[in-house]
Amino acid sequence: MKNIDSRSHVRGESIYVNDIPVRQDTLFGVVLGSPVAHGKLHDIDFSEALKMDGVEAVISAKDITGENQIGSIIQDEELFADKEVHFVGMPVALVCAKTDAIARKALAKIKLDIEELRPILTAREAYAEKKFISPSRTFKIGSTDAMWEKCEHIIEGQAEMGGQEHVYLETQGAYAYMLENGSIKIHSATQATKHVQVGASVVLGIPMHKIEVDTNRIGGGFGGKEDQATHWGTLAALATNTLKKPLKLILSRADDFVMTGKRHPYSFDFKLGLDKNLKILCYQVEAFQNAGAAADLSPAIMERTLFHGTGSYHIPNAKITCHSCRTNLAPSTAMRGFGAPQAMFALEAAIMKAAATLNVSPLEIQKRNLLQESDRFPYGQVAENCNAGKCWDTAYKKFAVEKLKKEIAAFNKNNDHSKKGLSLFPLCFGISFTKTKLNQGRSLVHIYTDGSVSITTGVVEMGQGVNTKILQAAAKTLSISPRRFTIHSTNTTRIANASPTAASTGADLNGKATIMACAALLARLKDVACRELKGRDPDKIEIKDEIVFHRGKKTSLKWEKLILLADEARVSLSEHAHYATPEVHFNKATEKGHPFAYHVYGTAVTVVTVDCLRGTYEIDLVKCVHDFGTSINLDIDIGQAEGAIVQGIGLMTIEELLVDPKGKHVYDSLSSYKVPDIYFAPKTIEVVPLDSKPDKLALLGSKAVGEPPLMYGIGTYFAILMAMREFNPKMKLPLWAPLTHQKCLLSLYEGYGEALK
Ligand code: MTE
Ligand code: LUZ
Ligand code: MOS
């Protein structure tokens, strides 16, 4: 089954927000962001801007008819800065004009009177000043305090990880217009139609039923449009409601880079205790999360950091603490992995440091401590169908790691300045929203009288291929041709209260709901067929490939006729279904429970070559054994894995978010913020599906795939370190991602003179 979007994508016919033909009198909005990271906003003077031909209005905090509030978990975020600005790019005003170009020119004429205050830029600074988003939390298992003295080796250190820009191809945006009787329709590039609906409802002060949010698809989200599409949808709705004209607001790439939040930078203090056999007895980590200027999703992201604190390992005594620190960066937000990559990096950094200190291979420590069946996570859940060891062993054998090691040793012996390094990285990622209530999906299925079928679900298609999977699940359940289906836009009037498309759960939640709706329709159709065939038991009816079977025998009754009969008999051909993941629960008071439907496992093998004269590196290969369950669409799933791997490598290597000491961005485009391109990507990526069991909570046994493979990128970091150590064994380990070429070069030569002696 091909991705149902491929054809319209390559022909340029797929419709994104900016492709919607504009209505008469449509205005274009451009947002004025704060030029300073922290300050008192005394005055905004837009008199000059308003004088310009074509400028219709400038909207700011004073125009808000409801509340100036868009915070979702914690109500601490203003839509427009009112008395203070908290980060560079924080929206201060919206210029509405006849064209985008006029709005941009007018924007330059607005004068801001801001009294600058000192910005806080790092999590540790904020921690020292006790500036927190939410209370700190700790997950515990066993007793670390009692165990340190039993450890043969104790390794302590610090690790840092920078943020990451989402770089979705489609920048953020929305198009809003009035319907009748004060209702508003918002076409929004969002992962969460409901969030935009709620945001607009609160800011405009009108009920949710008056606001229709529609999302046909988005050109990538990667988490960046889970909470932060709300701003632009709400701004467009506010302007439309104020001016009673349609308004389109699409961020330029530069504005998007500056105004929207990124992945959270983290800083860690770790302490790792091992026994003489390299078994991890104890692990303690304190994480400082740089949440930026407002809560956004930070409390939930902090939670996932805690959940993934012990990675893919069994650690009997662990204490994981996380502090969510308020700084003057744009509010950090969801991004693929959602706080887990940072936690896993910290633990791998500790293992690497232990290996370097004890002069053993990190593989020795990793392998000895992998999770096994029935091991307990610090949050109380037990590892079931644990594939950690199986993935590791399969990868080790399949990718001939012993042979690779020998080849690398020979290469390193024969090359003075070019060194190769190898790493293995074991993955374990929990599937489900950590907030239990979000684990619900919905689907609305209509069968039309010609036998064609329409599906709407709560999920947003963002390139991950979820609509194709849902279509496959529906076609399989009804046993009719995939050609009979259309999957419609995600829309709040057809599907209400949808959870965001996030946490890799889109297909599981909404696909399961779709199967439920199709199963209910099928049951009714079997009744109809049973009556028509004068049978007694509808259970003896089956539909296979559009043909009705009775007691195992083919009949002359076909799908299209059956539908007409059902309509004739006044049987409903529509169904709305709701699916809530069973079994998941979590108690925040005890920090224990069973938060995840299941875990996804895998192991990545990475080989890199470092040019030790220049500090540059190339990624020779990334080969993974990945647990897809029983994939329903391996093409899509392998595509997800490959994309995630490259994005994960970018995070760990060349993607660096630099701000100056005043909190101003040093980058605002793809020439100053480098993402992996086709030349930088690994020369070989091979993703081999693990021979795995289907999980009953996964859609048709096909495990969630959206986020987990991103974390394979962590392996690249440690492969580079291994190569660097070949060149300078005395090198102080840089545990500070991203390991840019610059950092690589400087680290290689730190203490190099000593090493030569
Ligand atoms: N793939 C593409 N092409 N574009 C995206 O924006 N987002 C990722 C992942 N894969 C993304 C993607 C993220 S962050 C998540 S949570 C999942 O897709 C969401 O979709 P799913 O739940 O259907 O897997
Ligand atoms: N979003 C969210 C997520 O709201 N809760 C989660 O647990 C989550 N996990 C991963 C990505 N997005
Ligand atoms: Mo993904 S970070 O859950 O949108």
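On a predicted model such as this, the values are computed, not experimentally measured, just so you know.

**Examining the overall build of the protein**
Inference 1: Along the protein, the regular secondary structure elements total 20 helices and 30 strands.
Inference 2: By principal-axis analysis of the C-alpha atoms, the protein measures approximately 90 × 75 × 50 Å.
Inference 3: Expressed as a percentage of the 757 residues in the protein, the buried residues total 61%.
Inference 4: Considering only intrachain contacts with a sequence separation of at least 6, the fraction spanning at least 24 residues in the protein is 80%.
Inference 5: On the protein, roughly 29400 Å² of surface is accessible, and the fraction owed to carbon and sulfur atoms is 52%.
Inference 6: Computed over 89 positive and 85 negative side-chain charges, the separation of the two mean positions in the protein equals 4 Å.

**Regarding the site of ligand 1**
Inference 1: Surrounding ligand 1, one finds 19 residues, the nearest of these being Gly221, Phe222, Met462, Gly506 and Gln640.
Inference 2: At 2.9 Å from an oxygen atom of ligand 1 is found a main-chain nitrogen or oxygen belonging to phenylalanine 222.
Inference 3: Here a nitrogen atom of ligand 1 sits 3.2 Å away from a polar atom, N or O, in the side chain of arginine 336.
Inference 4: Relative to its unbound accessible area of 520 Å², ligand 1 is 92% covered by the protein chains.
Inference 5: Grouping the constituent residues of the shell around ligand 1 by class yields 6 nonpolar, 11 polar and 2 charged.

**Description of the environment of lysine 248**
Inference 1: With respect to the element layout, lysine 248 can be found in strand β12 (residues 247-250).
Inference 2: Separated by 72 residues in the primary sequence, lysine 248 and alanine 176 place their C-alpha atoms 6.4 Å from one another.
Inference 3: Those residues in contact with lysine 248, other than ones at most four positions away along the chain, are Val17, Asn18, Ile20, Val22, Thr26, Leu27, Phe28, Gly29, Ala174 and Tyr175.

**Observations regarding the site of ligand 2**
Inference 1: Surveying the vicinity of ligand 2 reveals the residues Glu226, Arg304, Phe338, Phe433, Thr434, Leu438, Ala502, Ala503 and Glu707.
Inference 2: Here ligand 2, which alone exposes 290 Å², has 96% of that area covered by the protein.
Inference 3: For the shell around ligand 2, a count of residues per class yields 5 nonpolar, 1 polar and 3 charged.

**So, the sheet that holds strand β14 (residues 280-292)**
Either a parallel or an antiparallel arrangement is found when strands of a sheet pair, and the pairing is made through backbone hydrogen bonds.
Inference 1: Reading across the sheet, the 6 strands line up as β7-β15-β14-β13-β8-β30 and stay open at both edges, with mixed pairing between neighbours. Each of the sheet's edge strands pairs with one partner strand only, and the pair in question is β7 (132-141) and β30 (736-737).
Inference 2: The sheet contact formed by β7 and strand β15 (residues 317-326) spans 7 bridges and is antiparallel. Looking across to β15, one finds that isoleucine 141 is bridged to alanine 318.
Inference 3: The strands touched by helix α9 (residues 298-307) within the sheet are β7, β13 (266-274), β14 and β15, with β7 carrying the most contacts at an inclination of about 20°.

**Digging into the pairing of strand β27 (residues 598-611)**
Inference 1: Along β27, 13 of the 14 residues are buried, which leaves the element largely enclosed by surrounding structure.
Inference 2: Of the strand pairs in this sheet, strand β16 (residues 418-431) and β27 are connected by 14 bridges, and their pairing is antiparallel. Considered in β27, the bridge of cysteine 428 is made with tyrosine 601.
Inference 3: The sheet contact formed by β27 and strand β28 (residues 616-626) spans 10 bridges and is antiparallel. Pairing of aspartate 611 across the sheet is with threonine 616, part of β28.
Inference 4: From the end of β27 to the start of β28, which pair antiparallel, there are 4 residues, and glycine 615 there has a positive phi angle of about 75°.

**Observations regarding unusual backbone geometry**
Inference 1: Here alanine 737 and proline 738 are connected by a cis peptide whose omega angle stands at 0°.
Inference 2: Mapped onto the elements, proline 738 comes out in the loop between β30 and α19 (741-749).
Inference 3: Positive phi values are uncommon outside glycine, yet serine 432 reaches one of about 140°.
Inference 4: Summarising the element assignment, serine 432 is placed in the loop between β16 and β17 (440-447).
Inference 5: Overall, serine 432 belongs to the buried group, its relative accessible area being 3%.
Inference 6: Phi is positive for glutamate 583, which is not a glycine, with a value near 80°.
Inference 7: Mapped onto the secondary structure, glutamate 583 falls in the loop between β24 (574-580) and β25 (585-587).

**A look at helix α3 (residues 100-107)**
Inference 1: Buried residues of α3: Ala103, Ala106 and Leu107, and no others. Looking straight down α3, one finds its buried side chains confined to an arc of 105°; they lie on one side.

**A word on the pattern of salt bridges**
Two side chains of opposite charge can pair, provided their charged atoms sit close to one another.
Inference 1: A full pass over the atoms with the stated rule returns 34 salt bridges.
Inference 2: The shortest N-O distance in the salt bridge between glutamate 116 and lysine 662 comes to 3.5 Å. In this pair, glutamate 116 is assigned in strand β6 (residues 111-116) and lysine 662 in the loop between α17 (634-652) and β29 (684-689), connecting sequence segments 546 residues apart.
Inference 3: For glutamate 116, a relative accessible area of 46% gives the class partly exposed.
Inference 4: Residue arginine 484 is joined to glutamate 560 by a salt bridge in which the shortest nitrogen-to-oxygen separation is 3.1 Å. In this pair, arginine 484 sits in the loop between α14 (466-478) and β19 (485-487) while glutamate 560 sits in helix α16 (residues 559-568), placing the two residues 76 residues apart along the sequence.
Inference 5: A relative accessible area of 43% places glutamate 560 in the partly exposed class.
Inference 6: Connected through salt bridges with shared partners, the residues Glu56, Lys98 and Lys245 form a single ionic network.

The rules behind the values
Residues numbered from 1 in each chain as written. Chains lettered and ligands numbered in written order. Predicted model: local features only at pLDDT ≥ 70, side-chain atom pairs only at ≥ 80, totals over all residues. Heavy atoms only, no water. Helix = DSSP H or I, 4+ residues; strand = E, 2+ residues; numbered from the N terminus. Buried < 20%, exposed > 50% of the residue type's maximum accessible area, 1.4 Å probe, protein only. Contact = heavy atoms within 4.5 Å. Areas by Shrake-Rupley, 256 points an atom, 1.4 Å probe, with all protein chains shown as cover. Lys, Arg positive; Asp, Glu negative; His and termini not counted. Charge placed at Lys NZ, Arg CZ, Asp CG, Glu CD. Near = heavy atom within 4 Å. Polar contact = N/O pair within 3.5 Å; in protein donor to acceptor, adjacent residues only side chain to side chain. Nonpolar A, V, L, I, M, F, W, Y, C, P; charged D, E, K, R; others polar. Pairing = 2+ DSSP bridges. Axes fitted to C-alpha atoms, helices over the stretch in contact; angles between N-to-C directions. Arc of directions from axis to C-beta. Salt bridge = Lys/Arg side-chain N within 4 Å of Asp/Glu carboxyl O.

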